[in-house]
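Now for the letters of each chain:
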There are 2 protein chains.
Amino acid sequence: MAHGDDKTKASGENQPIDTRSRILSAAFRLFRKHGYHGVGLNDILAAASAPKGSLYHHFPGGKEEIGVAVVAEITRGILSLFGASRAKKTSTVLMHVGEQMSATIERTNHEICTLFTAFLAERSASPKLGEAVASAYAEMTLAIEARLKQDGFAARAAKERAATVVMLLEGGAMIAQAQQSVAPFSLALKHAASLCERGD
Amino acid sequence: MAHGDDKTKASGENQPIDTRSRILSAAFRLFRKHGYHGVGLNDILAAASAPKGSLYHHFPGGKEEIGVAVVAEITRGILSLFGASRAKKTSTVLMHVGEQMSATIERTNHEICTLFTAFLAERSASPKLGEAVASAYAEMTLAIEARLKQDGFAARAAKERAATVVMLLEGGAMIAQAQQSVAPFSLALKHAASLCERGD
DNA sequence: TCAAGAATAGACCGACCGGTCTAGAGAATG
DNA sequence: CATTCTCTAGACCGGTCGGTCTATTCTTGA
């Protein structure tokens with residue numbers, strides 16, 4: 001800790017991205033595609049063009065810590081989408097978030113939402129991972145719930161509808177991946193958005 | 001093929017279950033809990049009290065064939081639930097199916113629906129598994145869709161609602177597993193059942 | 001009783017797993 | 001320049017993976 005904590009990006013922050021970030025985004029891509037156990041550290045390292053030493057330097061907790069970090073980053077991204085544009089109606093924001101997800105689904109050849117669910121399966125072997133996913137779901141639900149209350153929904157209705165929306169999105173992404181088509185996700189999204197309208 | 005095909009259960013079909021069945025149900029339990037990669041052949045073998053030779057005798061295709069067989073069996077079970085009692089309304093049958101699933105979710109300490117989704121993640125490495133899950137979803141959706149049409153829904157509405165129901169159930173089971181509670185699944189089930197009522 | 005196939009049994013294999021460890025390159029401090 | 005610390009680099013490890021292979025036992029029909 002000789003120098004400050006803005007460190008690493010000291011000399012040139014344009015192209016040669018931080019090794020840590022490279023590892024993280026490589027892990028994200030691979031986990032999304034093959035699940036947790038389906039990806040080896042060597043796969044991540046190869047994709048990130050980094051040696052094993054760097055990995056354990058940046059993530060002393062190893063694979064598990066990488067997984068948790070990936071979940072945290074995804075969650076942060078989604079929450080920021082929901083946090084922005086407070087003025088608009090929730091259903092509008094939801095459609096916007098959904099379109100982003102749809103685009104990702106198509107761009108990644110319908111391989112996207114295995115990540116959370118795959119991590120959930122690790123809960124018994126690696127509690128931290130499972131809990132990271134569980135709290136990610138919880139945070140997202142709470143964010144939607146808060147918006148719905150703000151839109152005028154009663155407390156109970158807001159809670160239930162928020163939960164249903166998350167389930168629909170999750171289930172929709174799953175079926176979309178199975179059918180190799182965004183259509184199911186779009187359907188789920190439409191239904192979810194209508195749930196966020198007053199008077200159903 | 002010297003003797004007929006009812007074979008194996010020849011001498012006593014009460015307690016000492018067929019080795020193949022033992023392997024299958026052990027695999028089911030373990031896959032459900034730990035996902036596909038999370039379970040080793042040795043785990044399955046130990047749980048089934050069977051040697052490796054038996055496994056490759058009954059499942060020459062190895063782990064992948066076991067996975068496909070498990071998916072097929074689950075699908076068969078669910079479809080038979082939907083097939084039975086054609087007289088009743090779809091929403092009634094759905095509630096019944098859902099209650100069975102709820103019971104399983106509670107009995108297994110909220111570890112149930114990772115199976116399909118975990119297998120889906122194997123699609124790139126093992127297409128057969130992914131396709132088995134994909135067609136399982138498709139079959140279930142078709143079964144519900146057929147019932148809804150029979151209940152008087154228009155073709156398009158039946159198709160969309162059936163798809164939404166499957167998504168809700170899948171998403172609900174996922175969140176239930178994450179929150180370690182059946183409540184989310186029950187909520188999804190309620191919502192799904194109401195989707196199967198005429199006039200929403 | 002005996003031959004033949006089904007089924008069981010488990011030693012064994014190379015590949016790969018996640019993780020550890022030592023060594024060196026590079027930048028910042030005195 | 002020497003020191004110190006961050007970060008990179010990759011050889012290496014024991015363990016486990018899915019899968020193969022060679023017996024041996026059980027069952028069955030002639």
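Going by the structure above, here's the rest.
Trainee: Please explain the overall build of chain A as it appears in this structure.
Mentor: Regarding its fold elements, chain A presents nine helices and zero strands. Written out in order from the N terminus, the α and β elements of chain A read α-α-α-α-α-α-α-α-α. On the principal axes, the C-alpha backbone points of chain A span a range of 55 × 40 × 35 Å. Per-residue burial for chain A yields a buried fraction of 49% across its 200 residues. When contacts within chain A are restricted to residue pairs at least 6 apart in sequence, those whose partners lie at least 24 apart make up 64%. For chain A, the exposed surface amounts to about 9500 Å²; the carbon and sulfur share of it is 54%. Charge-centre separation for chain A: the mean point of 23 positive side chains lies 2 Å from the mean point of 20 negative side chains.

Trainee: Which parts of the structure should I look at to understand helix α7 (residues 127–150) of chain A?
Mentor: For an α-helix, 3.6 residues make a turn, and residues three or four places apart therefore share a direction. Across its 24 residues, α7(A) extends 34 Å between first and last C-alpha, which sits within 8% of the 34 Å expected from 1.5 Å per residue. Directly beyond the C-terminal end of α7(A), a positive phi value near 110° is found at A:Gly152.

Trainee: What exactly am I supposed to notice about the packing of aromatic side chains here?
Mentor: What describes a pair of aromatic rings is the distance from one ring centre to the other and the angle between the planes of the rings. The final tally for this structure, using the stated rule, is eight aromatic pairs over all chains. Clustering of aromatic rings is evident, with ring pairs tying together A:Phe31, A:Tyr36 and A:Phe119. The side chain of B:Lys63 reaches across the aromatic face of B:Tyr36, ending 4.4 Å from its centre. Here the guanidinium or amino end of B:Arg198 rests over the ring plane of B:Phe153, the centre of that ring lying 5.9 Å away.

Trainee: Before we go on, may I ask you to explain the protein's contact with DNA strand D in this structure?
Mentor: Taken together, 20 residues are adjacent to DNA strand D, and A:Thr19, A:His57, B:Leu41, B:Lys52 and B:Lys63 come closest. Sugar and phosphate atoms form 61% of the subset of DNA strand D atoms that lie within 4 Å of the protein. Here a phosphate oxygen of DNA strand D sits 3.2 Å away from a polar atom, N or O, in the side chain of A:Ser54. A distance of 2.5 Å is found between a phosphate oxygen of DNA strand D and a side-chain nitrogen or oxygen belonging to B:Lys63. For the surface near DNA strand D, the secondary-structure elements that each account for two or more residues are α3 (52–58) of chain A together with α2 (41–48), α3 (52–58) and α4 (62–83) of chain B. At five residues, α3(A) tops the list of elements feeding residues into the surface near DNA strand D. By residue class, the composition of the surface near DNA strand D is six nonpolar, ten polar and four charged.

Trainee: Teacher, can you tell me more about the pattern of salt bridges here?
Mentor: Pairs may arise between side chains of opposite charge once their charged atoms sit close together. Per the stated rule, a full pass over the model turns up twelve salt bridges over all chains. A salt bridge links A:Glu145 to A:Lys149; its shortest N-O distance comes to 3.6 Å. Of the two residues, A:Glu145 and A:Lys149 are both situated in helix α7; the distance of four residues between them amounts to about one turn of the helix. Residue B:Lys190 pairs with A:Glu160 through a salt bridge whose shortest N-O separation is 3.7 Å. Of this pair, B:Lys190 sits in helix α9 (residues 183–195) while A:Glu160 sits in helix α8 (residues 155–179), on two different chains. Salt bridges here are not isolated pairs; linked through shared partners, they connect A:Glu145, A:Lys149 and A:Lys159.

Trainee: Explain the nonpolar core to me, please; I cannot follow it from the model alone.
Mentor: Proteins that are soluble and globular tend to have nonpolar side chains buried together. Judged by nonpolar contacts, the single largest core of 130 residues is most densely connected at A:Phe31, A:Tyr137, B:Phe31 and B:Tyr137. Every residue in contact with A:Tyr137, bar those within four places of it in the chain, is listed here: A:Phe116, A:Thr117, A:Leu120, A:Val166, A:Glu170, B:Met174, B:Ile175 and B:Ala178.

Trainee: What am I meant to see in the relation of the copies chain B and chain A here?
Mentor: Turning one copy of the chain about an axis and sliding it along that axis gives the other copy, so a rotation and a shift relate them. Once chain B has been moved 0.0 Å along the axis and rotated by 180°, it coincides with chain A to within an RMSD of 0.0 Å. What the superposition gives is, in effect, a two-fold axis relating one chain to the other. It is B:Gly171 whose C-alpha, among those of chain B, lies nearest the rotation axis, at 2.0 Å. With an isologous cut-off of 70% or more, the 100% of interface residues of chain B that recur at the interface of chain A puts this contact in the isologous class.

Trainee: What should I look at first to understand the protein's contact with DNA strand C in this one?
Mentor: DNA strand C sits among 19 residues. The nearest are A:Leu41, A:Lys52, A:Lys63, B:Thr19 and B:His58. For DNA strand C, a phosphate oxygen lies 2.6 Å from a polar atom in the backbone of A:Leu41. Elements that contribute at least two residues to the surface near DNA strand C include exactly α2 (41–48), α3 and α4 (62–83) of chain A together with α3 of chain B. No other element matches the five residues that α3(B) contributes to the surface near DNA strand C.

Trainee: Help me understand unusual backbone geometry in this model?
Mentor: As a rule of thumb, non-glycine residues mostly have phi less than zero, and peptide bonds are mostly trans rather than cis. Phi is positive for A:His110, which is not a glycine, with a value near 60°. Structurally, the position occupied by A:His110 is in the loop between α5 (90–107) and α6 (114–120). Here the phi dihedral of B:Asn109 falls at roughly 55°; this positive angle occurs in a residue that is not glycine. Note that B:Asn109 resides in the loop between α5 (90–107) and α6 (114–120). By relative accessible area, B:Asn109 is classed as exposed at 53%.

Trainee: Can you walk me through the side chain of A:Arg147 in this structure?
Mentor: Residue and element names in this part refer to chain A. As for its placement among the helices and strands, Arg147 is situated in helix α7. Here Arg147 sits buried without a salt bridge, and the closest side chain of opposite charge, Asp151, lies 5.5 Å off (N-O distance). Beyond its immediate chain neighbours, meaning those up to four positions away, Arg147 contacts Phe82, Ala84, Ser85, Arg86, Lys88, Lys89, Thr90 and Val93.

Definitions and cut-offs
- Residues numbered from 1 in each chain as written.
- Chains lettered and ligands numbered in written order.
- Predicted model: local features only at pLDDT ≥ 70, side-chain atom pairs only at ≥ 80, totals over all residues.
- Heavy atoms only, no water.
- Helix = DSSP H or I, 4+ residues; strand = E, 2+ residues; numbered from the N terminus.
- Buried < 20%, exposed > 50% of the residue type's maximum accessible area, 1.4 Å probe, protein only.
- Contact = heavy atoms within 4.5 Å.
- Areas by Shrake-Rupley, 256 points an atom, 1.4 Å probe, with all protein chains shown as cover.
- Lys, Arg positive; Asp, Glu negative; His and termini not counted.
- Charge placed at Lys NZ, Arg CZ, Asp CG, Glu CD.
- Expected span 1.5 Å × (residues − 1).
- Phe/Tyr/Trp six-rings, centres within 6.5 Å; stacked < 30°, edge-to-face > 60°.
- Lys NZ or Arg CZ within 6 Å of the ring centre and 35° of its normal.
- Near = heavy atom within 4 Å.
- Polar contact = N/O pair within 3.5 Å; in protein donor to acceptor, adjacent residues only side chain to side chain.
- Nonpolar A, V, L, I, M, F, W, Y, C, P; charged D, E, K, R; others polar.
- Salt bridge = Lys/Arg side-chain N within 4 Å of Asp/Glu carboxyl O.
- Core = buried A, V, L, I, M, F, W, Y, C linked by side-chain atoms within 4.5 Å.
- Least-squares fit on C-alpha atoms with pLDDT ≥ 70 in both.

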